[in-house]
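Structural description and commentary
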Amino acid sequence: MVTLENISKTYNEGALTAVDKVSFEVKKGELFGLIGPDGAGKTSIFRMLTTVLLPDGGNASVNGLDVVTGYKEIRKQVGYMPGKFSLYQDLTVEENLNFFATLFNTTVKENYDLIKEIYVQIEPFKTRKAGKLSGGMKQKLALCCALIHRPTVLFLDEPTTGVDTVSRKEFWDMLKRLKVQGITILVSTPYMDEATLCERIALIQSGKIMSIDTPAAIIKAYPEPLFAVKSEKMSVLLQDLRKQESVKSCFAFGEYHHLTFQENSPEVQPSLRKNLEKLGHAAIELKEITPTIEDCFIQLMNH
Amino acid sequence: MKQFFTFVRKEFYHVFRDRKTLLMLFGLPIAQILLFGFALTNEIKDSKIVVVDYANDPASREITQKLAASDQFELQSSLMSHREIEAAFRKGVVNLAVVFPANFNSDLLAQNSAQIQVIADASDPNKANTLTNYVNNILRDYQQERVNETQLPYQIQPEIRMLYNPELKGATNFVPGVMALVLVLICVLMTSISIVREKENGTMEVLLVSPFNPFLVIISKAVPYFVLSLFNLTVILLMSIFFMGLPFEGSLLLFYAESSLLIIAALSLGLLISNSTDSQQTAMLIALMGMMIPTMLFTGFMFPIENMPMPLRIISNVVPSKWYYIIVKSIMIKGLGFSAIWKETLILVGMTAFFLFVSFKKFKIRLA
Amino acid sequence: MQNVVIKTDKLTKKFGDFTATDAITFEVYEGEIFGFLGANGAGKTTAMRMLCGLSTPTSGEATIAGFDIYKDTEKIKANIGYMSQKFSLYEDLTVIENIRFFGGVYGLSDQEIKEKSDHLIDLLGLKEESKKLVGSLPLGWKQKLAFSVAIIHDPKIVFLDEPTGGVDPVTRRQFWDLIYEASNRGITIFVTTHYMDEAEYCNRISMMVDGEMKALDTPTNLKKTYNAASMDEVFFELARGAKRQAD
């Protein structure tokens, strides 16, 4: 459905490499996530795939059409929601939707079944100007607009950035239902916790793909046992852990600190616990855990 | 086609929902007319003059009275000496002085001719010229009366007629200029800003990733501003006819056809600007600096082009509004037909075609 | 008893008949890391603007660093630092120029600016980049620099509006190291974030829902109260009930 082969993009006459020989493939009907921080090259990749940006090297195709030569055809077949929710702020919800429907030579009526579930949530505000909607509502409207012509591939560039947790959850539920309809979805996000909601993911950093697989496989590939530690004084604990010789890496992670050991012999855990107690830590909790995608990302970044 | 109309309608929504745009669109022409009509007029009223009357006889008094009665002059005092005049000029409290020599009336009676001295402050040469012309007119009037009284058999009187603009009204000059200015400004500014705004909002990306032909995006953006510009033009035309008392001698059809030509040239310039910038501020700056200033300077309605140095006169030829200005003056004021303005029209057509060609050529179907 | 640096009493801001911030009452202690959470449109930005002295409340009382929110807005501004995700530094100035500029804005002497900028560049490891334009730095570095600049004048409180949005996980943690360091120096941190793991790093967390402060406690207690396994669940539980759909 979507293939990239050694795609590169540079800016400022080659001084800045945004995308560095990226290759991956997205299968038909797949929900594929591009996970990485701002500036990793996600938007450049999306823009090249949606034909609004020319690659500096490599090939890419969407639905078997080359992104450079087949741009006219691709533009008819895909749906695109750029990073900034691209709505007309001074048009109402209804006007926006009608405008985008007409733009794609269709009507809201014709494809209403596809957007119905999402649209009913914003329908009560259909005479409101898009600029006056909350972030979550704008995001829903933008999704409706990107879907209105029943695209075969949907590109969503950071649809959940700046949107609160509740709206983010709702949004991912919507994507799952769209997937059922057979639409191939490419979504990018800087939020690592959203990775597990995709079928396959690519972890991207500084224009390079660090890993591509299912979230479960990426987690499984974590090279060493990972532990979570907690005590009463978390910030002091972090400092102390970093000074321990047996500790290989240690970083804060929510209510715990995550750490790996230099060697994973049976005695490292009790001895660390003892050392921490000596340093005055109370209520120490130390357990082995399954890594999250964020742990994997950190591990990959550091190597 | 339906796509196209939807797009045009959307553009109109943008215009009518944004107060700033509306104000600019409809406030600008009115403000310009008022500005040029009343504040920046080159008609001179109530200029301060002094009369130094060494004669103090019936003739000098009568002329002095006539000067005082005129709208153009405000008589300051009649009791100054030559030396005082010089001081008054230096201080700038006086613009013009009229000096009657002694024996003015008797000279006039005896020799049928007499000398009169008119001194003007020529630091503003245009103004000095205008003022001395006013004095000449008054003197001529006076002579005329005297000729009638004495009933000499005949006397040859030079008669100067001010062609097309007998009252020397500034309006005939500036109205076509304001038309050119408003059309160029509105079209260039509005198209470039409205396209760049889509880029800023990210909507341009979505428009590009759609089956809609990118060229149609541009054309459907141009249509509303084309229509609004014609509306603006009509407003200016009606204002100048009904409030300024300007004539409209020529063909209305020809006038609108020529105006459309300028509008298209301006729209393609706006498109060209929007291609080379991504921010509304930059677009606005380029449009204002690059369009307004040359239009004001080189159209000919503020500063006569004939008086400019050669290099500037040459530059003025590439400013489309200069040609439009000549065309409109010919149609409106002189009532001339196409045969008189075909050359200017041809130049304007050439420019429009060039701008259109370049802007379409440079139009990007991608982001970068 | 810890020193109170922010104290509000029924602080309210209305825009017409819309109550953006509805009678919020809370205290923030010296050196505390105070998480200010809430859904989009819950009134966080409005509240933060009032606390920074940028917007006058409709009613209610508040003192920031001991100064009255109505009368002493200028003194408040001199005693706080502010950094947001959107604007913090001038992209077209170099690292050192930014530091000098903001040092000057906050009224530091030339000598102080010199010392501070040397220290900062050393601390952030920006020695080689000090003459580079800020715009050319990676986002994470920019944000770390922006934070350091926001506290260059040793303010009593620093307000951080989503400081780590879009920053990579490693840099995000380095950023929090800086926050801890500042907090240990006695600077009070008032921070908003969309990352729930970061909420765990705060000493106490407040939750805004529909303009009201619905919860205020330590992360541990909040999880206990709402019988939740993570802060994410606590947030979801509280924000789900929000009626305000559009702002």
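Rules used in this analysis
Residues numbered from 1 in each chain as written. Chains lettered and ligands numbered in written order. Predicted model: local features only at pLDDT ≥ 70, side-chain atom pairs only at ≥ 80, totals over all residues. UniProt positions renumbered as here; feature names shortened; annotations may be inferred. Helix = DSSP H or I, 4+ residues; strand = E, 2+ residues; numbered from the N terminus. Contact = placed C-beta atoms within 7 Å. Nonpolar A, V, L, I, M, F, W, Y, C, P; charged D, E, K, R; others polar. Domains from an automatic or database assignment. Buried ≥ 20, exposed ≤ 12 C-beta atoms within 10 Å, placed from the backbone. Pairing = 2+ DSSP bridges.

Turning next to the UniProt feature "transmembrane region" (unreviewed entry) in chain B. In this numbering, the UniProt entry assigns the feature "transmembrane region" (unreviewed entry) to residues 21-40, 174-196, 225-246, 252-273, 285-305 and 340-360 of chain B. Overall, residues 285-305 of chain B shows 67% helix and 0% strand. The separation of its end C-alpha atoms is 26 Å.

Facing 21 residues of chain B, the contacting portion of chain A comprises 22 residues. When residues of the side of chain B that touches chain A are traced back to their parent elements, those giving at least two are α1 (2-17) and α8 (203-208) of chain B. When residues of the side of chain B that touches chain A are assigned to their parent elements, the largest contribution, 7 residues, is made by α1(B). Taken together, the residues of the side of chain B that touches chain A break down into 8 nonpolar, 7 polar and 6 charged.

Here we take up the domain arrangement of chain C. Residue and element names in this part refer to chain C. Domain annotation of chain C identifies domain 1 (1-79 + 155-247) and domain 2 (87-154). Put simply, the middle of domain 1 and the middle of domain 2, counted by C-alpha atoms, are 26 Å apart. Counting residues at the interface gives 13 residues for domain 1 and 10 residues for domain 2. Of the residues forming the side of domain 1 that touches domain 2, the biggest block, 5 residues, is contributed by helix α6 (residues 169-184). The residue inventory of the side of domain 1 that touches domain 2, partitioned by class, reads 8 nonpolar, 4 polar and 1 charged.

As a further point, take unusual backbone geometry. Residues and elements named next belong to chain C. The phi angle at Ala 23 is positive, at roughly 45 degrees, despite the residue not being glycine. Looking at Ala 23, the number of C-beta atoms within 10 Å reads 15, which means it is partly exposed. Although it is not a glycine, Asp 154 sits at a positive phi angle of roughly 45 degrees. The topology assignment puts Asp 154 in the loop between α5 (139-150) and β7 (157-161). What makes Asp 154 partly exposed here is the crowd of 16 C-beta atoms within 10 Å.

This part is about the interface of chain C and chain A. In this assembly, 27 residues from chain C lie in contact with 31 residues from chain A. Put simply, the parts of the chain that give the side of chain C that touches chain A at least two residues each are α6, α7 (196-200) and α9 (231-240) of chain C. Across the side of chain C that touches chain A, the residue classes tally to 15 nonpolar, 5 polar and 7 charged.

On a regular strand, each side chain points to the face opposite its neighbour's, so the side chains alternate between the two faces of the sheet. Residue and element names in this part refer to chain C. Relative to strand β2 (residues 18-29), strand β1 (residues 4-15) is paired through 8 bridges, and the arrangement is antiparallel. Each residue of the ladder has a partner; that of Val 4, found in β2, is Tyr 29. Two successive antiparallel strands, β1 and β2, enclose a turn made up of 2 residues, where Gly 16 displays a positive phi of approximately 65 degrees.

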